[in-house]
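Spelled out, the chains give:
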Amino acid sequence: MDLSAVAAAADTSHMDRHRHPRHAERGASLVEYALLVAVLALGTLAGLDALQSSASAAFREQAAEMSDPPAADVASNTPTTAAPTTAPPTTTPPTTAPPTTTRPTTTTTSTTTTTTTTTTTVPKATTATGTWGATSATRDGNRWNASATLTVTDDRGQAVRGATASVKVEYRIDGGGWQTGQPVSGATSSSGTLQVSTADLARSGKSPVTSIRYTVTTVDAAGLRWVGGSPSTTLSAP
C-alpha cells in the first residue's frame, strides 16, 4: 500500500473537516480505519516475509543435509569401487607409401691381387775364378787365326764385370817345343767375358805354327780374391 497516498488522503480529509465539520468527523473516522487497515496489512506482510525467510532457511538446511556425503567413519567401512576407465580406441590413419621404382643394379666384382715380395739376403761374394770356352781356329789361305773366350765368375756364380786378366801366349812351331810370344790383357765385359785372339799365323813355309796355347796368369777383380789358378786352352792350326 502506498503510504504517501494515505497521507495525502489524510491531509485532504483534514482540510475537508475544517470546511464541513460533520463531514469532517465522518471522514476522519474513515481515514483512521484506513490507516489501521494499512498498518495491519503492513504487519501481515512483514510476518509473511519473516515466515517465508524462515521456511526458506529450513528448506535449505534440510537440502544441505540430504546432499552432504556420509560421515568419514561410515565412508571408511564402505568399499570404494573405481569406475572402469575405458580408453577411446586409437585409430592409426593408414599410411600410403609412395610407389617404389626398382632399377636394375649392376654389381662389379673387383679382384685385388696381393703380391708378396720375399727378400733373400745373399752372402757377399769374396772370390773369383775363370774358365776358357768358345775357342775357334779359322783358316785364311796360308794363314790362320786362333781365338778363345775367358769367363770370370764369383763364388756365387755371378759374372764379374770389369775384372782385368793377363794372358800368356805360347806357340809351337813345326811340332817343336813351346815358345813364349807377346802376352795380352784386357777387362771382362758386362757378361764377365774376355776374348783373346791371335791372327795371321803361318800354316806352312819356313816356320809354320802348328798350335797355340793361352794361359791365365793374373786376374784383378775389385773386392774379390782370384782363386782360379792358371787355366789354359790349346788350339791347333786348321
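Before reading further, recall that the structure is shown in the block above.
Please read all numbers here as calculations on a predicted model, not as lab measurements.

I'd like a rundown of the overall build of the protein, residues and numbers included.
Along the protein, the regular secondary structure elements total three helices and nine strands. Starting at the N terminus and ending at the C terminus, the protein contains elements arranged as α-α-α-β-β-β-β-β-β-β-β-β. Within the protein, contacts between residues at least 6 apart in sequence are counted, and of these 64% link residues at least 24 apart. Accessible surface, the protein: about 17800 Å² in total, of which carbon and sulfur atoms supply 55%.

Provide a residue-level description of the packing of aromatic side chains, including the pertinent values.
According to the stated counting rule, one finds one aromatic pair in the structure shown. Relative to Y214, the ring of W132 has its centre 6.1 Å away and its plane inclined at 25 degrees; by these criteria the two rings are stacked. With W132 in strand β1 (residues 127–140) and Y214 in strand β7 (residues 209–220), this residue pair connects regions lying 82 residues apart in the sequence. Residue W132 is classed as buried on the basis of its relative accessible area of 16%. Looking at R213, its charged tip hangs above the ring of W178, at a distance of 4.3 Å from the centre.

Help me get a handle on the pattern of salt bridges, residues and values and all.
What the rule picks out here adds up to four salt bridges. Across the pair K168 and E170 runs a salt bridge, and its minimum N-O distance is 3.8 Å. A relative accessible area of 32% means that K168 is categorised as partly exposed. Among the salt bridges present, the one from R213 reaches E170, with a minimum N-O distance of 2.7 Å. Linking R213 in strand β7 with E170 in strand β3 (residues 164–173), this pair joins segments that are 43 residues apart in sequence. Judged by relative accessible area, E170 falls into the buried class, the value being 8%. Overlapping salt bridges, with partners in common, bring together K168, E170 and R213 in one network.

Mind laying out the side chain of E170, listing which residues take part and the relevant values?
Side chain to side chain, E170 and R213 meet in a polar contact 2.7 Å long. Among all residues touching E170, those that are not within four sequence positions of it are W178, Q179, T180, G181, S211, I212, R213 and T215.

Account for unusual backbone geometry, with residues named and values stated.
Unlike most non-glycine residues, D174 shows phi in positive territory, near 50 degrees. Its location among the elements puts D174 in the loop between β3 and β4 (178–180).

Summarise the nonpolar core; cite the residues concerned and give the values.
By size, the foremost hydrophobic cluster in this structure holds 25 residues, and its most contacted members are W132, A146, V152, I212, Y214 and V219. Every element with two or more residues in this core is listed here: β1, β2 (143–154), β3, β6 (193–202) and β7. Those residues in contact with W132 that lie beyond four places of it in its chain are A148, T149, L150, V167, V196, Y214, V216, P231, S232 and T233.

Give me the environment of A187: which residues, what numbers.
Among the secondary structure elements, A187 is positioned in strand β5 (residues 184–187). Through-space distance from the C-alpha of A187 to that of D220 is 9.1 Å; in sequence the pair is 33 residues apart. Those residues within four positions of A187 in sequence are excluded, and the remaining contacts are G162, A163, T164, T193 and L194.

Got a sec to walk through the sheet that holds β1? Specific residues and values, please.
One key point about sheets: their strands pair by backbone hydrogen bonds, in either a parallel or an antiparallel sense. Pairing is mixed in the open sheet, where four strands are placed in the order β6-β2-β1-β8. On the outer flanks of this sheet lie β6 and β8 (225–226), each paired with one strand and no other.

I'd love a proper account of the environment of T135, names of residues and values included.
By the secondary structure assignment, T135 is in strand β1. When its relative accessible area of 43% is taken as the criterion, T135 is described as partly exposed. Once the C-alpha coordinates of T135 and S147 are considered, the two residues, 12 residues apart in sequence, prove to be 5.6 Å apart. Beyond its immediate sequence surroundings of up to four residues, T135 is in contact with S147, A148, T233 and L235.

What counts and what doesn't
Chains are numbered independently. Their residues run from 1 in the order of the written sequence. Where totals are concerned, whole chains, interfaces and linings use all residues; where local detail is concerned, this predicted model gives features only for residues with pLDDT of at least 70, and gives and counts side-chain atom pairs only at 80 or more. Excluded from the side-chain calculation are hydrogens and water; included are all heavy atoms of the structure. Numbered from the N terminus, helices here are DSSP runs of H or I no shorter than four residues, and strands are runs of E no shorter than two. Throughout, a contact is declared for two residues whenever any of their heavy atoms are within 4.5 Å. Under the convention used here, a 1.4 Å probe and the Shrake-Rupley method define accessible areas, while residue burial counts only the protein chains that appear. Between rings of Phe, Tyr and Trp, where Trp is taken as its six-membered ring, a pair exists when centres lie within 6.5 Å; planes separated by under 30 degrees are stacked, by over 60 edge-to-face, and by other angles tilted. Note on exposure labels: buried denotes an accessible area under 20% of the residue type's maximum, exposed denotes more than 50%, and partly exposed covers the range between, all computed with a 1.4 Å probe on protein chains only. As a reminder, the over-ring test applies to NZ of lysine and CZ of arginine, requiring each to be within 6 Å of the ring centre and within 35 degrees of the ring normal. Criterion for a salt bridge: a side-chain nitrogen of Lys or Arg within 4 Å of a carboxyl oxygen of Asp or Glu. Here a polar contact means two N or O atoms within 3.5 Å. Within protein one must be a hydrogen donor candidate and the other an acceptor candidate, and residues neighboring in sequence count only if both atoms are side-chain atoms. Residue types Ala, Val, Leu, Ile, Met, Phe, Trp, Tyr and Cys, when buried and joined through side-chain atoms within 4.5 Å, form a set referred to as a nonpolar core. For two strands to be treated as a pair, DSSP must find at least two bridges joining them.

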